[in-house]
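Okay, here's what each chain looks like letter by letter:
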Amino acid sequence: MSRLAQLTPGVPLIESLTFRSLLPEMGLSEDEQRIATDLNQRGYAVIDFPDPEIDARIERIKAVLSGRFGIDPADPDSVGRRGGQRIQDAWTFDQDVKAIATNPTVLDLLGRLYGRRAVPFQTLNFPVGTQQHIHSDSIHFSSVPERFMCGVWLAMEDIHEDAGPLTYCPGSHRWPIVSNLMLGTKRFGDQSQMAQAPYEEVWRATIEAQVAHTEVFLARKGQALIWAANLLHGGSPQRDPNRTRWSQVTHYYFADCAYYTPAFSDEAFGRLDLRRIVNIATGEVEPNRVLGEPLGPVTSAPARRRPIWRKWLRRTAVPAAETVPADFDDVAYLRLNPDVAAAQIDAREHYLKYGREEGRTYR
């Protein structure tokens, strides 16, 4: 590690204030330097997915997942009649999904861009556009130190402008990360709202105040977008309901961090909604640790003698309340989320593990 990198090891290399000086020391090819510079300046970078078998993998994934989405490849109207819009963690049963998530070239590149070993921990597969409100992943997936998270979105077909293409706000990754404390609220253990709902008005107002613009990504099949943790992004409106927009998202953390969900955490009080993540590449749990040490219990030292940041890092985060909303309807949840029903997973168990975070409808 260079002297400059050693100054702030708790900051991803591509997010560092000394990035311009670091770039020549990162051992990157000319194209990799372009990727690093785009991530640093714009918050995203476009690549051709580095897998000679990607076309074959994509077609196999579509064949396996079409039935789970209720899509008949021979009947275009079946797209408009679809039920669920995503399958989370298909890597657990589909080797092609897993191969994309653990692509060694991507893992190596991300490790060099961030300065830590990349850890793929979640996949999402979509047959259509999400039409999701523009948002920052930093309220869903954060880390201590912050910003050690990124996403890679892979186009599994040529994306049409009427299919609800991916949209993003260039440069927004440099803006402050919106937090519950910034909003003047406490949400630890409170799952009464969808994770990002309280933030959406703030993001809209910020884009307007910054006179920022959004772009859409009309990707070709096999192209991928890498985006930084705090980049505002979402899904455009799907103008043609019968158009597919097949894609796969893989979310990555990085080693030697604590992993948690800020939307349901109150960091100032030491209450973190910690995550238990499995490294898709190894099948092993990645421990929550900071500066090489696992998060441990608070010592008996008087609080006034302990800096608040140290007290926060060393406190064991209490798990969020494992309860579903009072008006949760098991039958409605399975009807509204047919991919869950098809997988024969208990409605409440799925909601607590995944659905709450994904903002799934339950009534």
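Everything in this summary refers to the structure shown in the same document. Since this is a predicted model, take the numbers as computed values, not measurements.

### Here's the deal with the overall build of the protein chain
Helix and strand content of the protein chain: 13 helices and 15 strands. Out of the 363 residues belonging to the protein chain, those deemed buried represent 53%. A separation threshold of at least 6 residues defines the contact pool for the protein chain, and within that pool the share at least 24 residues apart is 79%. Surface accessibility of the protein chain: about 16,700 Å² in total, with carbon and sulfur atoms responsible for 51%.

### Focus: the packing of helix α3 (residues 30-41) against helix α7 (residues 104-114)
Their axes nearest at 11 Å, the elements α3 and α7 cross at an angle of 55 degrees. Comparing the axis directions of α3 and α7 gives the class oblique. Crossing angle aside, the handedness with which α3 passes α7 is right-handed. Across the interface between the two elements, Glu32, Ile35, Ala36 and Leu39 of α3 pack against Leu109, Arg112 and Leu113 of α7. The class makeup of the residues in the contact of α3 with α7 is five nonpolar, no polar and two charged.

### Some details on the sheet that holds strand β7 (residues 215-217)
Pairing in this open sheet of three strands is antiparallel, and the strands run β7-β6-β9 from one edge to the other. Only two strands of the sheet have a single neighbouring strand rather than two, namely β7 and β9 (233-235). Each strand of the sheet is rotated relative to its neighbour by a mean of 30 degrees, with strand direction disregarded. Pairing geometry for strand β6 (residues 166-168) and β9, over three bridges, is antiparallel. Note on β9: the bridge partner recorded for Tyr168 is His233.

### Here's the deal with the pattern of salt bridges
Going through the model one piece at a time under the given rule, you end up with 17 salt bridges. A salt bridge links Glu53 to Arg57, with the nearest nitrogen and oxygen atoms 3.9 Å apart. For Glu53, a relative accessible area of 43% puts it in the partly exposed group. One salt bridge connects Arg112 with Asp108, and the closest N-O pair in it is separated by 2.9 Å.

### Re unusual backbone geometry
Cis geometry is adopted by the peptide bond preceding Pro145, which originates at Val144 and carries an omega value of 0 degrees. The backbone of Gln131 shows a phi angle near 55 degrees, a positive value even though the residue is not glycine. Here Gln131 shows up in the loop between β3 (118-126) and β4 (142-144). We classify Gln131 as partly exposed; its relative accessible area is 39%. Phi at Asp256 is positive, roughly 65 degrees, even though this residue is not glycine.

### What to know about the environment of Gly10
With respect to the secondary-structure elements, Gly10 resides in the loop between α1 (3-7) and α2 (19-22). A relative accessible area of 29% means that Gly10 is categorised as partly exposed. Along the chain, Gly10 and Glu146 lie 136 residues apart, while their C-alpha atoms are 8.0 Å from each other. The contact partners of Gly10, leaving out residues within four places of it in the chain, are Arg116, Pro145, Glu146 and Phe148.

Cut-offs applied
- Residues numbered from 1 in each chain as written.
- Predicted model: local features only at pLDDT ≥ 70, side-chain atom pairs only at ≥ 80, totals over all residues.
- Heavy atoms only, no water.
- Helix = DSSP H or I, 4+ residues; strand = E, 2+ residues; numbered from the N terminus.
- Buried < 20%, exposed > 50% of the residue type's maximum accessible area, 1.4 Å probe, protein only.
- Contact = heavy atoms within 4.5 Å.
- Areas by Shrake-Rupley, 256 points an atom, 1.4 Å probe, with all protein chains shown as cover.
- Axes fitted to C-alpha atoms, helices over the stretch in contact; angles between N-to-C directions.
- Parallel < 35°, antiparallel > 145°, perpendicular 65-115°, else oblique.
- Left-handed = near helix turned anticlockwise from the far one by under 90°.
- Nonpolar A, V, L, I, M, F, W, Y, C, P; charged D, E, K, R; others polar.
- Pairing = 2+ DSSP bridges.
- Salt bridge = Lys/Arg side-chain N within 4 Å of Asp/Glu carboxyl O.

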